[in-house]
Amino acid sequence: MLEKIANLSKTLSPNFRRILGNTAWLFSEKVFQLGLGLLVGVWVARYLKPEGFGIINYSLAYVGLLEPFSRLGLNNIIVRDLARDPSQKEETLGSAFVLRIIASLISFCIIVSTILWVKRDSPATQWAVAFFSLGSVVSSFGIIEFWFQSQVEAKYVVWARNSAYIFINIVKVTLIQLKAPLIAFVIALVLEQALAYIGMVFVYQWRGNLLRAWKVSLVRAKSLLQQSWPLIISGFVIFIYMRVDQIMLGSMKGVEAVGIYSAAVKVSEMWYFVPISIVQSVFPSVVQAKDISQAVYNQRIQKIFNLMVLVGYGVAIPITFIAPQLILFMYGANYAPAASMLTILVWSGVFASLGVARETCLTTEGLMKFSAATAAIGAGINVVLNFLLIPQYSGTGAAIATVVSQIFAVYLSSALYPQTRSIFIRQTKALTLLGLVKPLLGFFKT
């Protein structure tokens, strides 16, 4: 048996082995965090009850309104450029960092000033939003992660994140034992993010890279913004169809309804690290494939779509049948209504996975403007459906709106434009399981 495994490893290309190892590191990080989160995260949700849990998730959603602006849609662009030309990393990272700092500070001022007016009767929500907004400023250092992504070296990011995650979860358990107030848990979440980025900075420099070597170029910054503006707009509309449901639910039904709905969201999305980890690992290889030949590129993209759907079905089908037992086991009787929402929300993951893969296509082919256009369709549908369904069906209505808008945004809308119709065809093949008969073991071997 060992001999067969050894022979098999020899048949895999060096590029594939590197991607496989990188994906394994990303998987190990998320599996570890998922396991610890099921213990501590659920314990925190039970301790805070739906109302406190709802305040945290409402605040995160509110801060997320301007997150696309603070991030400037640069993520994939930075990874792409670093993969193509690592020699320009100082200029790329330095220019992107300054852009992110400026944008996040502007976002912080807007978010804090508006929440003081929107939630005048809820000081707890105001404080939570203020602290989470501060965390978005600190996240500007997250561009270091994109360097490791471009080099397919996720293990260093995993070291930093897991160290912070372990420490903060110990803090959370201590806070529960001390019967700490809600704001203490908010600060802990922000501190976790800050510690993770401090760790990335340390590892980045330990690997022989220097922050002081970063250069700021106005020409480079302008170029980045010219490429990213469609992704900024796309980020806004994607947020609308992904998270506006929690804001609208909180406004129409209150934060307790948000807490119950958020429990269903957390469970339905707890496996999203799988498609994200895979795509993060293969993205540099996809960019390189485009330079090799169109045939190689098409083959790799189809394999990504196939794998995304396979994973999505593998999660959605069983959870649909065990949702009530899963919610009761994890969150307790206070969150029982979340079960019906979960049976619906879990199917949005199939299309969310397709969306992650589609962004790879759009970025590689320079079609980022269609990301904004198609996401806008989903955002409009989501807002209208939430407005119509939440008053009568509460969280269940929000769940329906999320799935329907997801289907339109990342799948059906691709058929509307000639430039993206090939993506629609690839997605259809994947959804109908065409092409999955070939062994997935040959993934990126070509």
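Residues numbered from 1 in each chain as written. Predicted model: local features only at pLDDT ≥ 70, side-chain atom pairs only at ≥ 80, totals over all residues. Heavy atoms only, no water.

**Re the overall build of the protein chain**
- Regarding its fold elements, the protein chain presents 17 helices and zero strands.
- Within the protein chain, the proportion of its 446 residues that are buried is 54%.
- In the protein chain, 83% of the contacts between residues at least 6 apart in sequence involve partners at least 24 apart.
- Accessible surface, the protein chain as shown: approximately 19,200 Å² in total, 70% of it carbon and sulfur. (Helix = DSSP H or I, 4+ residues; strand = E, 2+ residues; numbered from the N terminus. Buried < 20%, exposed > 50% of the residue type's maximum accessible area, 1.4 Å probe, protein only. Contact = heavy atoms within 4.5 Å. Areas by Shrake-Rupley, 256 points an atom, 1.4 Å probe, with all protein chains shown as cover.)

**Observations regarding helix 14 (residues 338-345)**
- Taken as a whole, helix 14 has its buried residues at Ala338, Ala339, Met341, Leu342 and Leu345. Seen from one end, helix 14 has its buried residues packed into an arc of 160°, which puts them on one side.
- Buried residues in helix 14 make contact with helix 11 (255-269), helix 13 (294-331), helix 15 (348-364) and helix 16 (368-410). (Arc of directions from axis to C-beta.)

**Observations regarding helix 13**
- If you check helix 13, its first and last C-alpha atoms are just 49 Å apart, much less than what 38 residues at 1.5 Å a residue would give, namely 56 Å.
- Along helix 13, the helix axis deviates most sharply at Ile322, where the bend reaches about 75°; the proline Pro324 sits within four residues downstream.
- Of the residues flanking the end of helix 13, it is Gly332, one or two places downstream, whose phi is positive at about 95°. (Expected span 1.5 Å × (residues − 1). Bend = angle between axes of the 7 residues up to and from the residue.)

**Here we look at the side chain of Ser414**
- By the secondary structure assignment, Ser414 is in the loop between helix 16 and helix 17 (421-431).
- Those residues within four positions of Ser414 in sequence are excluded, and the remaining contacts are Arg358, Thr374, Thr420, Arg421, Ile423, Phe424 and Gln427.

**What about the nonpolar core?**
- If you look at the biggest cluster of nonpolar residues, it comprises 92 residues, and the most contacted ones within it are Phe185, Tyr261, Ile304, Phe305, Ile327, Tyr331 and Leu342.
- Looking at this core element by element, the count peaks at 16 residues for helix 13.
- Aside from chain neighbours lying at most four places away, what touches Phe305 is Leu354, Ala357, Arg358, Cys361, Ile423, Arg426, Gln427 and Ala430. (Core = buried A, V, L, I, M, F, W, Y, C linked by side-chain atoms within 4.5 Å.)

**Some thoughts on the confidence of the model for the protein chain**
- Residues of the protein chain with pLDDT of at least 70 account for 87%, and the chain-wide mean is 81.
- Highest mean pLDDT in the protein chain belongs to helix 14 (95); lowest belongs to helix 1 (residues 2-11) (43).
- A low-confidence stretch, residues 1-11 (pLDDT under 50), is modelled with four contacts involving residues beyond four sequence positions or located in other chains. (pLDDT = per-residue confidence, 0-100.)

**Quick word on the packing of aromatic side chains**
- The final tally for this structure, using the stated rule, is 10 aromatic pairs.
- With a centroid separation of 6.1 Å and 85° between ring planes, the pair formed by Phe53 and Tyr335 is classed as edge-to-face. Of the two residues, Phe53 sits in helix 2 (residues 14-64) while Tyr335 sits in the loop between helix 13 and helix 14, which places them 282 residues apart along the sequence. This pair shows no difference in class: Phe53 is buried, exactly as Tyr335 is.
- When the centroid spacing of 6.3 Å and the interplanar angle of 40° are considered together, the rings of Phe351 and Tyr411 count as tilted. With Phe351 in helix 15 and Tyr411 in the loop between helix 16 and helix 17, this residue pair connects regions lying 60 residues apart in the sequence. Of the two residues, Phe351 and Tyr411, both sit in the buried class. (Phe/Tyr/Trp six-rings, centres within 6.5 Å; stacked < 30°, edge-to-face > 60°.)

**Comments concerning the environment of Lys222**
- Mapped onto the elements, Lys222 comes out in helix 10 (residues 218-253).
- As for Lys222 and Ser95, which are separated by 127 residues in sequence, their C-alpha atoms are 9.1 Å apart.

**Describing the side chain of Ser405**
- Position of Ser405 relative to the elements: it lies in helix 16.
- According to the relative accessible area criterion, Ser405 is buried, its value standing at 0%.
- A distance of 2.9 Å separates a polar side-chain atom of Ser405 from the backbone oxygen of Thr402. (Polar contact = N/O pair within 3.5 Å; in protein donor to acceptor, adjacent residues only side chain to side chain.)

**Thoughts on a nonpolar patch on the surface**
- A grouping of Met252, Val384, Phe387 and Leu388 is seen on the molecular surface, where their side chains present a nonpolar patch of about 400 Å² in accessible area.
- A per-element tally of the nonpolar patch places helix 16 first, with three residues.
- Of the residues examined, Leu388 reaches a relative accessible area of 55% and is grouped as exposed. (Patch = residues over 30% accessible without salt bridge, like charges linked within 9 Å, V, L, I, M, F, W, Y side chains within 5 Å. Salt bridge = Lys/Arg side-chain N within 4 Å of Asp/Glu carboxyl O.)

**Notes on the environment of Ala339**
- Within the secondary structure, Ala339 is located in helix 14.
- Taking the relative accessible area as the measure of exposure, Ala339 reaches 10% and is therefore buried.
- Sequence separation between Ala339 and Val267 is 72 residues, and the spatial gap between their C-alpha atoms is 9.9 Å.
- Residues within four places of Ala339 in sequence aside, it is in contact with Ala323, Pro324 and Ile327.

**Focus: the packing of helix 13 against helix 17**
- Close contact between helix 13 and helix 17 brings their axes to 8 Å; oriented N to C, the two are set at 45°. Taken together, the axis directions place helix 13 and helix 17 in an arrangement best described as oblique. The way helix 13 lies across helix 17 gives a crossing that is right-handed. Note on element contacts: helix 17 touches helix 13 through Ile423, Arg426, Gln427, Lys429, Ala430 and Leu431, opposite Asn298, Ile301, Gln302, Phe305, Asn306, Val309 and Tyr313.
- Split into classes, the residues belonging to the contact of helix 13 with helix 17 amount to seven nonpolar, four polar and two charged. (Axes fitted to C-alpha atoms, helices over the stretch in contact; angles between N-to-C directions. Parallel < 35°, antiparallel > 145°, perpendicular 65-115°, else oblique. Left-handed = near helix turned anticlockwise from the far one by under 90°. Nonpolar A, V, L, I, M, F, W, Y, C, P; charged D, E, K, R; others polar.)

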